[in-house]
Structure formats: structure tokens, C-alpha cells
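Listed below are the residues making up each chain.
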Amino acid sequence: MSTSVRVQVYDIPLFRLLKTHSRIKIIVINSRTVSNYDLKNSISKNRMIGLWRMMTGFRLIYLAALLGLGVAALAKTATYLLLRRFIDEILGQGYPWQTLALVAVGFLVLALFEGGFTFLSGRWAAQTAEGTALRLRNYLFNHIQRLNFTYHDNMKTGELIQRSTSDVEAVRRFYADQAIGLGRIVILFTVNFIAIWFLSPQLALISVIVVPFLLIVSIFFFGRVSKRYEAYQEQDATLSTTLQENLSGVRVVKAFGRQDFEMEKFEVDNLEKYARAKRLVLMHSLYWPSSDILAGFQMLLGFVAGAIMAINGAISVGTYVAYAGMVIWIIWPMRGLGRIIVQMSTGLVSCDRVTEIIKEDEEPLNVGSHAPEGHTRGELIFDDVDFAYGGGESVLKGIRFSCRPGQSVALLGSTGSGKTSLVNLLPRFYDYTSGSITLDGVELNSYTRKYLRSQIGIVEQEPFLFSRSLRENISYGVTHEVTDEEVYEAARAAAIHEVILSFPEGYDTRVGEKGVTLSGGQKQRIAIARALLRDPRILILDDATSSVDTETESSIRKALQHLMEGRTTFIIAHRIQSVMNADLILVLDKGEIVQSGMHEELVARTGIYRDIYDIQSQIEEELEQDLELAVV
Ligand code: CTP
Ligand code: MG
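Note that the structure is a prediction, hence the values are computed from the model and not measured.

Asker: Pulling in residues and values, what's your account of the overall build of the chain?
Answerer: Along its length, the chain carries 21 helices and 10 strands. The C-alpha atoms of the chain give 35 Å as radius of gyration, which overshoots the globular expectation for 632 residues (26 Å, by more than 25%). Each principal axis of the C-alpha distribution contributes one length, and for the chain these read about 120 × 60 × 50 Å. Counting only residues that meet the buried cut, the chain has 43% of its 632 residues in that class. Entry remark: accessible area of the chain is about 33100 Å², with carbon and sulfur atoms responsible for 59%.

Asker: Explain the coordination of the magnesium ion (ligand 2) residue by residue, including any values.
Answerer: Within the first shell, the magnesium ion (ligand 2) binds the protein through Thr420 (OG1) and Gln461 (OE1), at distances of 1.9 to 2.3 Å. Within this pair, whereas Thr420 is found in helix α12 (residues 419–424), its partner Gln461 is found in the loop between β6 (456–459) and α14 (470–474), the two being separated by 41 residues in sequence.

Asker: Can you break down the nonpolar core residue by residue, with the values?
Answerer: Ranked by size, the top nonpolar core spans 72 residues in total, and within it Leu136, Tyr175, Ile196 and Ile358 carry the most contacts. Mapped onto this core, the elements with two or more residues apiece are α2 (47–54), α3 (59–90), α4 (97–144), α6 (157–199), α7 (201–206), α8 (211–248), α10 (259–311) and α11 (317–359). With 19 residues, the single largest contributor to this core is α11. Excluding anything up to four places from it in sequence, Ile358 contacts Leu39, Lys40, Ile43, Met54, Leu136, Tyr139, Leu140 and His143.

Asker: Give me the lowdown on unusual backbone geometry, citing residues and values where you can.
Answerer: In this structure, Asp440 takes a positive phi of about 50° despite not being glycine. Mapped onto the elements of the fold, Asp440 is located in the loop between β4 (434–439) and β5 (442–443). Despite not being glycine, Ala495 shows a phi value in the positive range, around 55°. Within the element layout of this structure, Ala495 appears in the loop between α15 (484–493) and α16 (497–502).

Asker: Before we move on, could you go through the domain arrangement of the chain and cite the residues and values that matter?
Answerer: Along its sequence, the chain is carved into domain 1 (3–31) and domain 2 (37–359). Domain 1 and domain 2 are separated by 32 Å when their C-alpha centres are compared.

Asker: Break down the pattern of salt bridges for me, with residues and values.
Answerer: Opposite charge on two side chains makes pairing possible when the charged atoms of those side chains draw close. Under the definition given, this model contains 28 salt bridges. The salt bridge involving Lys40 is made with Asp361; its shortest N-O contact spans 3.8 Å. Note that Lys40 is positioned in the loop between α1 (12–21) and α2 and Asp361 in the loop between α11 and β1 (380–388), a separation of 321 residues in sequence. Given a relative accessible area of 24%, Lys40 falls into the partly exposed group. Residues Lys590 and Asp589 are paired through a salt bridge, measuring 3.9 Å at the closest nitrogen-oxygen approach. Residue Asp589 is classed as partly exposed on the basis of its relative accessible area, which comes to 24%. Residues participating in the shared-partner salt-bridge network are Glu159, Arg163, Asp167, Arg353 and Glu356.

Asker: I'd like a description of the packing of α2 against α11, backed by residues and values.
Answerer: Orientation of α2 relative to α11, taken along the N-to-C sense of each, is 70°, at an axis distance of 10 Å. Relative to α11, the element α2 lies roughly perpendicular. Residue-level inspection shows Arg47, Met48, Leu51 and Met54 of α2 in contact with α11, the latter providing Met344, Leu348, Val349, Cys351, Asp352 and Ile358. Tallied by class, the residues present in the contact of α2 with α11 amount to eight nonpolar, no polar and two charged.

Asker: An account of α11 is requested, with residue identities and associated values reported.
Answerer: Taking 1.5 Å per residue, 43 residues should reach 63 Å; α11 reaches 60 Å between its end C-alpha atoms and fits that length. Among the 43 residues that make up α11, 32 are buried, leaving the element largely enclosed by the rest of the structure.

Asker: Any chance you could break down a nonpolar patch on the surface for me, citing the residues and the numbers?
Answerer: On the surface, Trp52, Leu60 and Leu63 cluster together to form a nonpolar patch covering roughly 330 Å² of accessible area. Residue position: Trp52 is located in helix α2. Trp52 sits in the partly exposed class, given a relative accessible area of 35%.

Asker: Report on the environment of Phe117, specifying residues and quantitative values.
Answerer: Counting through the fold element by element, Phe117 comes out in helix α4. Looking at Phe117, the relative accessible area reads 26%, which means it is partly exposed. Sequence-wise, Phe117 and Gly183 are 66 residues apart; in three dimensions their C-alpha atoms are separated by 14 Å. If we skip the residues at most four places from it in the chain, Phe117 touches Gly68, Val71, Ala72 and Leu112.

Asker: Give me the lowdown on the site of ligand 1, citing residues and values where you can.
Answerer: In the vicinity of ligand 1 lie 13 residues, with Gly416, Lys419, Thr420, Ser421 and Gln461 positioned nearest. The contact in question runs from an oxygen atom of ligand 1 to an N or O atom on the side chain of Lys419, over 2.7 Å. Between ligand 1 and Thr420 there is a distance of 2.6 Å, counted from an oxygen atom to a side-chain nitrogen or oxygen. For ligand 1, whose free accessible area comes to 610 Å², the fraction covered by protein is 64%. Examining the composition of the shell around ligand 1, we find that three residues originate from one element, α12, more than from any other. Considered class by class, the residues forming the shell around ligand 1 number two nonpolar, nine polar and two charged.

Asker: Tell me about the confidence of the model for the chain, and please be specific about residues and values.
Answerer: Across the chain, the average pLDDT comes to 86, with 93% of residues at 70 or higher. In this model residues 1–10 is a low-confidence stretch, pLDDT under 50, and it forms 16 contacts with partners more than four residues away in sequence or in other chains. Taken as a whole, residues 24–35 scores under 50 in pLDDT and shows 26 contacts with residues more than four places along the chain or in a different chain.

Asker: Tell me about the side chain of Glu553, and name the residues and values.
Answerer: The topology assignment puts Glu553 in helix α18 (residues 550–563). On the accessibility criterion, Glu553 (3% relative accessible area) is buried. A distance of 2.3 Å separates a polar atom in the side chain of Glu553 from a polar atom in the side chain of Ser578. Apart from residues lying up to four places away in sequence, Glu553 is in contact with Thr545, Val548, Arg575 and Ser578.

Rules of the game
Residues numbered from 1 in each chain as written. Chains lettered and ligands numbered in written order. Predicted model: local features only at pLDDT ≥ 70, side-chain atom pairs only at ≥ 80, totals over all residues. Heavy atoms only, no water. Helix = DSSP H or I, 4+ residues; strand = E, 2+ residues; numbered from the N terminus. Rg over C-alpha atoms; globule rule 2.2 N^0.38 Å. Buried < 20%, exposed > 50% of the residue type's maximum accessible area, 1.4 Å probe, protein only. Areas by Shrake-Rupley, 256 points an atom, 1.4 Å probe, with all protein chains shown as cover. Donors = N, O, S within 2.8 Å, 3.2 Å for Na, K, Ca; no water. Core = buried A, V, L, I, M, F, W, Y, C linked by side-chain atoms within 4.5 Å. Contact = heavy atoms within 4.5 Å. Domains from an automatic or database assignment. Salt bridge = Lys/Arg side-chain N within 4 Å of Asp/Glu carboxyl O. Axes fitted to C-alpha atoms, helices over the stretch in contact; angles between N-to-C directions. Parallel < 35°, antiparallel > 145°, perpendicular 65-115°, else oblique. Nonpolar A, V, L, I, M, F, W, Y, C, P; charged D, E, K, R; others polar. Expected span 1.5 Å × (residues − 1). Patch = residues over 30% accessible without salt bridge, like charges linked within 9 Å, V, L, I, M, F, W, Y side chains within 5 Å. Near = heavy atom within 4 Å. Polar contact = N/O pair within 3.5 Å; in protein donor to acceptor, adjacent residues only side chain to side chain. pLDDT = per-residue confidence, 0-100.

Below you can see the structure in the form of C-alpha cells.
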């Protein structure tokens, strides 16, 4: 018998401990369990503080990693000090072999300590880095899908991908290599400096003469590398976007024979990335020799000064040997310091880029005073509604109409007239700028988005299917268990059931990337089935049958007729036949309702509706005549 327990894990080391030391088999049901910590708490003006906060849950283990480095450094220095005593006091003095053995054991123990703690601290630092990055990636994924529509309208997909992958990776490196590396440098420097100070304060001072110069050089390069790295990452994101768009639009590219044009565009972007990378690398490669020269000079100075002192008898031979060993561990960190500082700048820039996303507020799904228990009736009243996208010009002006529960409203109008914008206000994808919309007598803005979306089924103008099975696509977003029969029923209503059964794998057929294995009309019908299965009180069909032939459309319409009962339905369509049975037809033009009423009234009057009607009837008549001729 197996039992699964749903747990919330905030802390990965603890989770590992539980996993390895408990008899209960822990299955991570949902990797969100590790991302429950709200990273918004870690935002700080100071990036260092931000990064420190981001480590919540790992800080202790990270400090332990630093402590481990300290122990390892002490062991290393102690080795040199032991060597000094060995040379000065034991070597050549004819001590018994027991003493020699003791010294040997001493060396061995110190070596073990150094190696052991270096290993442990590396492991702990890696755990912190990987754990934090894991959490960050989960957080970003979850956060990005909760940001509002306006954010996604304005942000490029490539940029978001770049930030959730490459920038997170740079943050990971910050913890794994750079911050820990800095700690290692500081510790090695301090421990060895103090040890040398005790041997000879004079030597200690000589050993750090170039430190200020090295620091100046490092800081000089730090600023420049930061800027260049930022520019590089930006270009990298541009390139990702170009690539991503090209892949999504590969059919358009082929159809228009624009491969060469696209290649040139990509090449320009790619070349720019190359140029920026070159500028970045140039900074790195300038830094290395300059810091090497300084470090080499320091080394020479230290060795020579030490040698002179040893010759003069100011220090013993053992002290000199120990010094020669330790001074390397002062100079090496100094040289490394610059490198780490320079590399850290990349981690900090990436941290900023990631924080910019974290800072964005999620669309509040549960905010609103009104979230009734039951279903909505679906009575809608629009009163003088204006709407504009992100502070731009109004795309909807003075919209005024009302519909009773269960009525169907059709929207007709030229492209760009605001039909999609109007229906997108209902699930609060966007909020209207002024005027009032009430649902069952309550202002739409006071409903929670979650409630509205649970009541509204929407077939998008360009439906998107996931690369999962057809069954999963149809039952997507249904929270309760659905039976096969329910899925079939929805599919039948959308006139897609038979088509699905004709596939060898039926409902288990997987949809290719973006549903390419399905035709446009089939995709639309799957999307209709998906919306119907949710059993919504308000149904929105945004041009849902535009890619479907007239015959299929009329069979969908018949099936929908029955399904539309009891639901308020919005139908956006271009064919008069699809809208003529609606209880209310609204004709939109440039964001305004120019005509409204039922089919009979509208045909009787002159206006856009009548014009469209005339044109479409004429085309149909001609078609019929052609058909008759063909039959004869
Ligand atoms: N628009 C915008 N930002 C968006 C979507 C649309 O600024 N995220 C603008 C469009 O440029 C257009 C207007 O809003 O000028 C209305 O767009 P829409 O409601 O999508 O028009 P539809 O009537 O749905 O047009 P179509 O028949 O082509 O779907
Ligand atoms: Mg539209």
C-alpha cells in the first residue's frame, strides 16, 4: 500500500533530509512546493541585500560553506607553520623517530582537514546555488503566467525566456562561484596575512604593497564590464526573440519566400551579439595582464625582501620557507579578487534583470468584493463604456447596450473595430477606462477575476492548443473530474467528435507543436469543445467559426443553438448567417456601436448591416447560380 502526502516544502536541505531519513516515500506532486516563498520579499534597492534575501532557507548552509572555507584556509596555513618548525627545530637536530612520525601525522591530519572542508564547502555552496536557482526558475514561471495581459502585450517572449534561463543561470553562478569565491579570497588573505604578521610585521606589510593598486584596477574594470555585459545580455535577448519569432512564423516565412530576408535580419542581430561579446571579452582580456603584472611584481618584491632578511639573519630559513608558501596565498587571492569582482558584476546585472520581472504585480485573481457562491445569471448592462489599451487612444467609445440572461448578442464590424476588445472586458482581461458594466446588477469591477473567468467560456480568435492529447486539450481548465462521455458530448456539439474518432489514436492523439497536425477549422472546433465543457454561463465565440466551411458551421450552429440555451452568448462573426438569429446584433465601427437591433429591423434600414447583407446575399446567389449551372 502506498500513501502519498502533499507537503509544502520551503527548504530544500530539509526536504532532502526528510527524503533520505524518513521511511515515508515523498513524492513531489507539484514542483511549486519549493516556490511558495514569495520572492517579492527579497527585492531591495541594494542588489547584494536582494541576493542575500533570495537565499532564504539556504543561508545557514551557505554560511557553513564559508566557515568550511575558513577551516580549510586555517589548515593550509597551519601546514606552513608546521613546516617552519620542522625545518628550524627538528630537521638535523637528531630527534627520535617518534617525533618525526608525529610531525608526519600532523601534516596528514592538516591535509585531510583542508581537503575535507574544501569539499564540504563546495558541496554546500553548490546546494545553495542550485536550490536557489531551482526556486527562482519555478517562481518566475509561475509569476510570469500570472502577470496581466498588458504586460504580455508589451514584453517580448524572447526577452522573458532569456531572463528565466540565462539570467537565472548567471545568478546561480553568483552563488556557486563568485560570492563563495570572494569569501575564499577574503579568508585566505586574512588568515595568511595575520600568520605572516606574526612571523614578521615588516614582511607582512611588504607583501601587500600593491593591494591598493590592484583594487583600483579592479574597480575600474568592474564598472566597464558591468555595462558591457548588460549590453551583451540585451542583445542576446534580441537574438532569442528573433529566433523565436522566426520559428513560430516559419510558415509565413516560407510562404512569402522571405528566407533570405530573415537570414539577413538574423545575421545583423547575430553580428551585433558577436561585436558586443568581443567588447566584453576585450575588457576581460585587458584586465588579466594588468593584474598579472601587478601580482608578479608583488611576488618578486616579497621573495626578494624575504631572502634579504633571511641572509641577514633577521628571519630563520624555516620562516622564509613558510613565508614563501604563505605569501602566494596572499597574492593569489589579490589577483583573483579583481576577477571575482569583475565577474560578480555579471551576476548583479542578471539579478537586476530577474528582479524587474519579480517586481511586476501579479494580476489579482481574488481581489474584488464580489465572488458569489453560485452561477451568474448572465444579465449584462453596458453603460457609456470607454476603453483604451495602456493609456493609448480609446478603442471603445460610449458603448451602451443591455442583454437579459440567456440572450445571444452578436457583434459585427470591420477588422479593428473593437469586437475582441469589447468581449475581453468581460473576463476582466482588461479593465474599462470609464462608464459602467454591470453583471446581474453588480459592477463588473467588483467581481473577482477568478469568479468571472470561472463563469465565462471563451473561444479565442486564434485558439491555442497545447502539445498534449486531444482529450487533455478539451478538458483543459475543467476543475472537476470529467467523464469520457462529457468530453464526447462537448466534441459532438463542436462537430469534431467524428473527426477525432477517425484519427488512429482517437482522443489520445497528441497535438503537434501549436496544433499543426490539425487544420485551422479543426483547431477552432477543439477550442469550442473546450469552452463548452466548462459549462459556462457566459459563452464568448470570437470569430470561432471563421475557418470552418459553411456546412460545418451550420451544423455547429444547430448544435450550439441547443447548448446556448440558458447561457448569455456573445458571437463575433463575419457571416450574416451566423448572427441573424441573435437576440441583439451590434454593429461596431471604429470602437462605436453604429447600429443595433434584431436582424429584421436592421435589414429594413439602410446602413452598414444592410450593406453587408446585400453583398453577402449577392455572393451567395451567384454561387448558387454557378452551382445550378454546373449541375445542369
Ligand atoms: N489593439 C491594441 N492593443 C491590443 C489589441 C488591440 O491597441 N492588445 C487595438 C487594435 O490596434 C485595434 C483596436 O485595438 O485598432 C481594436 O482591436 P480589436 O478589438 O482586436 O478589433 P476586432 O474588431 O476584434 O478586429 P478583428 O475583426 O480583426 O478581430
Ligand atoms: Mg478580433
